[in-house]
Amino acid sequence: MNHAVLFVCLGNICRSPLAEGVFRTLVEEAGQTGRFTVESAGTGAWHIGNPPDPRSIDVAARHGLDISAQRARQVCTEDFHRFDTIVAMDRDNLETLKFRTAGGSARIRLLLNAPERDVPDPYYGGPDGFDHVLRLVRAGCVDLLDSLTGAGQPRSGAPQGS
Ligand code: 4NP
């Protein structure tokens, strides 16, 4: 079975392209290619068709990821039907997605749970912000892949909660 995951931020040039690249690489490393469809999009329309921000391309490259071929697009109505899981980078975009969902079947969630909940928008800050984003995105994507593949869950034994 294929599980389709869409990562969403505001512009689709800083955070969600990194999440797309990191998650796709984790999927490959886990030998799960073909079991996941991975894309990213933005709730805003300003950067449609543009490559990721050079600072995102740079921090990704320093961690061995090439995200330069990605192109920004905006979330559309079909996404709420085509994707199983839509992952928002922060609570603002989570709210926007919930507002636009229009009866789709996608599960909409945040990338992070705790201690941080938001991957902060690095667009108007310095390059350090992009390192911080990559660290948060990587931690969130590891947990997300675990949760979607059932890794870390007991395979057998007593029912949970008993
Ligand atoms: P992103 O960052 O949502 O992580 O892609 C931003 C990129 C562009 C803008 C805002 C946030 N902008 O206002 O153009």
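The following refers to the structure shown. Quantities reported herein were computed from a predicted structural model and do not represent experimental measurements.

Each value, and the rule that gives it
Residues numbered from 1 in each chain as written. Predicted model: local features only at pLDDT ≥ 70, side-chain atom pairs only at ≥ 80, totals over all residues. Heavy atoms only, no water. Near = heavy atom within 4 Å. Polar contact = N/O pair within 3.5 Å; in protein donor to acceptor, adjacent residues only side chain to side chain. Areas by Shrake-Rupley, 256 points an atom, 1.4 Å probe, with all protein chains shown as cover. Salt bridge = Lys/Arg side-chain N within 4 Å of Asp/Glu carboxyl O. Helix = DSSP H or I, 4+ residues; strand = E, 2+ residues; numbered from the N terminus. Buried < 20%, exposed > 50% of the residue type's maximum accessible area, 1.4 Å probe, protein only. Disulfide = S-S within 2.5 Å.

## A few points about the site of the ligand
Phase 1: Near the ligand, the surroundings consist of C9, L10, G11, N12, I13, C14, R15, H47, D121, Y123 and Y124.
Phase 2: In this structure, an oxygen atom belonging to the ligand sits 2.7 Å away from a side-chain N or O atom of R15.
Phase 3: When isolated, the ligand has an accessible area of 360 Å², and the protein chains bury 93% of it.

## Here's the deal with the pattern of salt bridges
Pairing is possible between side chains of opposite charge, provided their charged atoms come close.
Phase 1: Counted by the stated rule, this structure contains 11 salt bridges.
Phase 2: Here R24 ties to E20 by a salt bridge, and the two come within 2.9 Å at their closest N and O atoms. On the criterion of helical spacing, the pair formed by R24 and E20 is a turn pair, its members being four residues apart in helix α1 (residues 15–29).
Phase 3: Residue class for E20 comes out buried when judged on its relative accessible area of 9%.
Phase 4: With a shortest N-O distance of 3.2 Å, D131 and R62 are connected by a salt bridge. With a gap of 69 residues between them, D131 in helix α5 (residues 128–149) and R62 in helix α2 (residues 54–62) connect regions that are remote in the sequence.

## Looking at the state of the cysteines
Phase 1: For the structure shown, the criterion picks out zero disulfides.
Phase 2: Of the cysteine sulfurs around C9, a residue in no disulfide, the closest is that of C14, at 6.9 Å.
Phase 3: In this structure C9 comes out as buried when scored by relative accessible area, which is 2%.
Phase 4: The structure places no disulfide on C76, whose sulfur is separated from the nearest cysteine sulfur, that of C9, by 15 Å.
Phase 5: Residue classification places C76 among the partly exposed residues on the basis of a relative accessible area of 32%.

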